[in-house]
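Close look at the chain arrangement
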Amino acid sequence: MSRIEEVELTNMCMISDGKGNVLVQNKVGNADWSGWNFPGGHVEKGEYVTPSVIREVLEETGLTIENPRLCGIKEFHKLKDGKRYIVFLYYADEFFGELKSSKEGEIFWYPLSGLVKSDKLIEGFEDMLTVFTDDNISEVFYERTEENLKTVFM
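Reference entry: report on the structure contained in this document.

Reading the values: rules and limits
Each chain has its residues counted from 1, running along the sequence as written. Only residues with pLDDT of at least 70 are given local features in this predicted model, and only at 80 or more are side-chain atom pairs given and counted; all residues enter the totals for whole chains, interfaces and linings. Only heavy atoms go into the side-chain values, all of them from the structure, while hydrogens and water stay out. Two strands make a pair as long as DSSP finds a minimum of two bridges between them. A run of H or I in DSSP counts as a helix once it spans at least four residues, and a run of E counts as a strand once it spans at least two, with each numbered from the N terminus. Fitting a line to C-alpha atoms yields each axis, with helices limited to the stretch in contact; the angle taken between N-to-C directions then spans 0 to 180 degrees. We call two residues contacting when some pair of their heavy atoms lies within 4.5 Å.

Glancing now at the sheet that holds strand β6 (residues 69–77). Spatial ordering of the open sheet is given by β4-β1-β7-β6-β10-β11, a layout of six strands whose pairing is mixed. With one partner strand each, in any of the chains shown, β4 (40–42) and β11 (149–153) form the two edges of the open sheet. Each strand of the sheet is rotated relative to its neighbour by a mean of 20°, with strand direction disregarded. When β6 meets strand β10 (residues 139–144), the two strands line up parallel, connected through three bridges. Bridge pairing in β10 links I73 to E139. Contacts from helix α1 (residues 49–61) reach β1 (7–15), β4 and β7 (84–92), with the element oriented near 60° to β1. Seen against the sheet, helix α3 (residues 125–133) touches β1, β6, β7, β10 and β11 and runs at an angle of roughly 150° to β6.

The following block contains the structure:
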């Protein structure tokens, strides 16, 4: 059995202003995955993971983050093709630049404490938020059973 599998690598970053607010993006343009989330995107072929999150945040927000810290991952297997999908979850509170929205969606500061109560979040965001905010959890993944998906936090 081969140990090699096809994997899609992505990233997401929770950026804090140090005053209880985080940078939120209202993701648009994809009917299957729209709503509020944190900025991020794909790791390009040949690109390293941490530089990819710095690049994605700059492209989507106008901000350059410094010293992003990996706080965990989210992973699952896509139903369509069985490909493993990994999201590297980062935290940053050091940044500079001028905040601006992009074609990915509007960017704005929002109280972290209010996010869990919002009905505007992208599907699965609450699970990632747990990894971002709980120092005892570093991973969320989904086990498929014949009846449903089971969310597992590690």
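This part takes up the side chain of S52. Inspection of the secondary structure puts S52 in helix α1. Leaving out residues up to four positions away in the same chain, S52 has contacts with N11, H42, V43 and E47.

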